[in-house]
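The residues making up each chain are set out below.
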Amino acid sequence: MKYGMPHETIHGSRHYLFPTQSSFYHEDEPGKTCNSNKGRKKSRKFSRNIVARSELTGTGSAGASYPLSEIWLNSKVRGICFYAVTVFAAAILFVPMLLEHPFVLMYDRYRRKAHYLIAKAWAFLSVAPFIKIEYEGLENLPSVDTPAMFVSNHQSFLDIYALMTLGRSFKFISKTSVFLYPIVGWAMFLLGVIPLKRMDSRSQLDCLKQCISLIKKGASVFFFPEGTRSKDGKLGPFKKGAFSVAAKTGVPVIPITLIGTGEIMPVGMEGMLNPGSVKVIVHPSIIGNNPEELCNEARNVIARGLVCQG
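Criteria and thresholds
- Residues numbered from 1 in each chain as written.
- Predicted model: local features only at pLDDT ≥ 70, side-chain atom pairs only at ≥ 80, totals over all residues.
- Heavy atoms only, no water.
- Helix = DSSP H or I, 4+ residues; strand = E, 2+ residues; numbered from the N terminus.
- Buried < 20%, exposed > 50% of the residue type's maximum accessible area, 1.4 Å probe, protein only.
- Contact = heavy atoms within 4.5 Å.
- Areas by Shrake-Rupley, 256 points an atom, 1.4 Å probe, with all protein chains shown as cover.
- UniProt positions renumbered as here; feature names shortened; annotations may be inferred.
- Disulfide = S-S within 2.5 Å.
- Expected span 1.5 Å × (residues − 1).
- 1 Å grid on protein atoms, 1.4 Å probe; cavity = no way out; pocket = protein on both sides within 12 Å on 5 of 7 lines; lining within 4 Å.
- Points joined across faces, edges and corners; volume = space filled by probe spheres on them.
- Nonpolar A, V, L, I, M, F, W, Y, C, P; charged D, E, K, R; others polar.
- Patch = residues over 30% accessible without salt bridge, like charges linked within 9 Å, V, L, I, M, F, W, Y side chains within 5 Å.
- Salt bridge = Lys/Arg side-chain N within 4 Å of Asp/Glu carboxyl O.
- Polar contact = N/O pair within 3.5 Å; in protein donor to acceptor, adjacent residues only side chain to side chain.
- Pairing = 2+ DSSP bridges.
- Core = buried A, V, L, I, M, F, W, Y, C linked by side-chain atoms within 4.5 Å.

## Quick notes on the overall build of the protein chain
- In terms of regular secondary structure, the protein chain is built from 10 helices and 10 strands.
- For the protein chain, the proportion of its 310 residues judged to be buried stands at 41%.
- Taking the contacts inside the protein chain whose residues are at least 6 apart along the sequence as the reference set, 72% of them involve residues at least 24 apart.
- For the protein chain, the computed accessible surface area is about 18,000 Å², with 58% contributed by carbon and sulfur atoms.

In structure tokens, the structure reads:
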């Protein structure tokens with residue numbers, strides 16, 4: 001079942017975003033004919049009555065089905081509560097992150113595992129009241145001290161939360177503008193998130209160089225190879241940047257399939273939080289020195305994960 005659309009109507013066992021013509025009008029049975037215009041007028045009048053009555057269905061009358069506008073309102077309220085919780089948790093947890101930062105720079109400058117433990121707590125506190133997350137293939141995760149290239153499909157703003165709950169200190173890549181957000185942006189700076197200016201080829205090159213440098217120093221990196229969130233839930237084409245870095249550094253690629261985040265918080269509807277659950281599938285690592293082959297294999301693995309759970 002999909003949520004979040006105030007105009008969604010249910011017809012039989014199928015769901016439609018808008019009322020279908022067959023919901024209101026019924027074709028004449030084969031072999032029947034109308035003997036006069038009067039019969040046709042009466043038939044049209046009857047059809048209009050059906051339309052009028054069907055539009056009143058679900059407006060709160062006794063015995064009416066559960067109003068979809070109420071489902072939409074509930075999702076909006078859940079969204080507001082979700083952001084209130086995540087901001088409150090970030091404000092509280094930012095203090096210990098800030099206090100430990102000098103020691104992190106002295107003893108664990110590149111992985112920053114202590115910071116990521118706090119980030120994991122923040123992600124868990126944010127989603128636990130609203131979303132159930134299931135995991136599959138956790139045994140495929142490398143040890144915390146083994147550098148790797150993590151890649152995943154990208155469906156929703158919630159993807160970061162789901163990935164953070166894995167507790168791995170991989171460096172995300174984020175737009176430079178996000179670093180300006182109070183608390184969250186500051187925390188990203190402390191975590192060592194890699195900044196990127198989109199549509200800037202020099203910034204993209206610097207980003208890849210920084211990723212190579214971090215991996216050589218023992219840190220892991222995370223990429224969304226699609227480059228942006230999928231609007232229809234389908235897996236888009238992968239860019240080769242992440243796989244070029246993996247091929248040059250010789251680290252394993254860890255494909256991850258995320259399922260359910262796009263339905264809970266669809267693209268363009270970030271103010272809503274629909275009911276649902278999320279599944280995180282960690283696939284076995286892929287090793288190679290050919291970026292194109294790594295790219296194709298990783299995409300196929302993630303795609304199979306989506307198909308099997310679809």
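Read on for the rest.
## Section: the UniProt feature "transmembrane region" (unreviewed entry) in the protein chain
- In the numbering adopted here, UniProt assigns the feature "transmembrane region" (unreviewed entry) to residues 80-99 and 178-196.
- As a span, residues 80-99 carries 100% helix and 0% strand, and end to end its C-alpha atoms are 30 Å apart.
- In this annotation, residues 178-196 is assigned 42% helix and 16% strand; the end-to-end C-alpha distance for the span is 10 Å.

## A look at the state of the cysteines
- For the structure shown, the criterion picks out 0 disulfides.
- No disulfide involves C207; its nearest neighbouring cysteine sulfur is the one of C211, lying 4.3 Å away.

## A few points about helix α7 (residues 201-216)
- Along its 16 residues, α7 runs 23 Å from first to last C-alpha, staying within 8% of the 22 Å computed at 1.5 Å per residue.
- Residues S203, C207, C211, I212, L214 and I215 constitute the buried set of α7.
- Close packing links the buried residues of α7 with β4 (149-152), β5 (170-171), β6 (173-175), β7 (194-196), β8 (220-223) and α8 (241-249).
- A positive phi of about 105 degrees marks G218, the residue just after α7.

## Observations concerning empty space enclosed by the protein
- Evaluation of the coordinates by the stated rule reveals 2 cavities of 30 Å³ or more.
- Its boundaries defined by the atoms lining it, the largest cavity holds a volume of some 70 Å³.
- Around the largest cavity, the lining comprises 14 residues; the ones closest to its centre are V144, T146, R168, S169 and S220.
- Per-class residue counts for the lining of the largest cavity are 6 nonpolar, 5 polar and 3 charged.
- By volume, the second largest cavity is sized at about 30 Å³.

## Section: a nonpolar patch on the surface
- On the surface, a nonpolar cluster with roughly 260 Å² of combined accessible area is contributed by W72, L73 and V77.
- As for its position among the elements, W72 is in helix α3 (residues 68-107).

## A few points about the environment of T86
- Within the secondary structure, T86 is located in helix α3.
- Here the alpha-carbon distance between T86 and S126, two residues 40 residues apart in the chain, equals 4.8 Å.
- Sequence-distant contacts of T86, defined by excluding residues within four places in its chain, comprise W122, S126 and Y161.
- A polar contact of 2.9 Å, which involves the side chain of T86, links it to the side chain of S126.

## Looking at the sheet that holds β5
- Spatially, the 6 strands line up as an open sheet ordered β3-β10-β9-β4-β8-β5, and their pairing is mixed. Single-partner strands in this sheet number two, and they are β3 (132-136) and β5.
- With 4 bridges joining them, β4 and strand β9 (residues 253-259) adopt parallel strand pairing. Of the residues in β9, the one forming a bridge with S152 is I256.

## Brief notes about the layout of surface pockets
- Taken as a whole, the largest pocket holds about 1,600 Å³ of empty space.
- In terms of lining residues, the largest pocket is bounded by 48 residues, among which I160, I173, S174, K175 and R198 are the most central.
- Breaking the lining of the largest pocket down by element, the ones donating at least two residues are α3, α4 (113-127), α5 (159-164), β6, α6 (184-191), α7, β8 and α8.
- Element by element, the count of residues in the lining of the largest pocket is highest for α3, at 8 residues.

## Digging into the nonpolar core
- Core analysis: the largest hydrophobic core is formed by 44 residues, its most contacted members being L163 and I256.
- Of all elements in the fold, only α3, α4, α5, α6, β9 and β10 (277-282) reach the threshold of two or more residues within this core.
- Those residues in contact with I256 that lie beyond four places of it in its chain are F150, V151, S152, N153, L163, L166, F222, V280, I281, V282, H283 and I302.
- One finds V151, L196, I212 and V221 within the second-largest nonpolar core, a separate group that totals 30 residues.

## Describing the side chain of H115
- You can see H115 is positioned in helix α4.
- Owing to a relative accessible area of 0%, H115 belongs among the buried residues under this scheme.
- Of the polar contacts made by the side chain of H115, one reaches the side chain of H101; its length is 2.9 Å.

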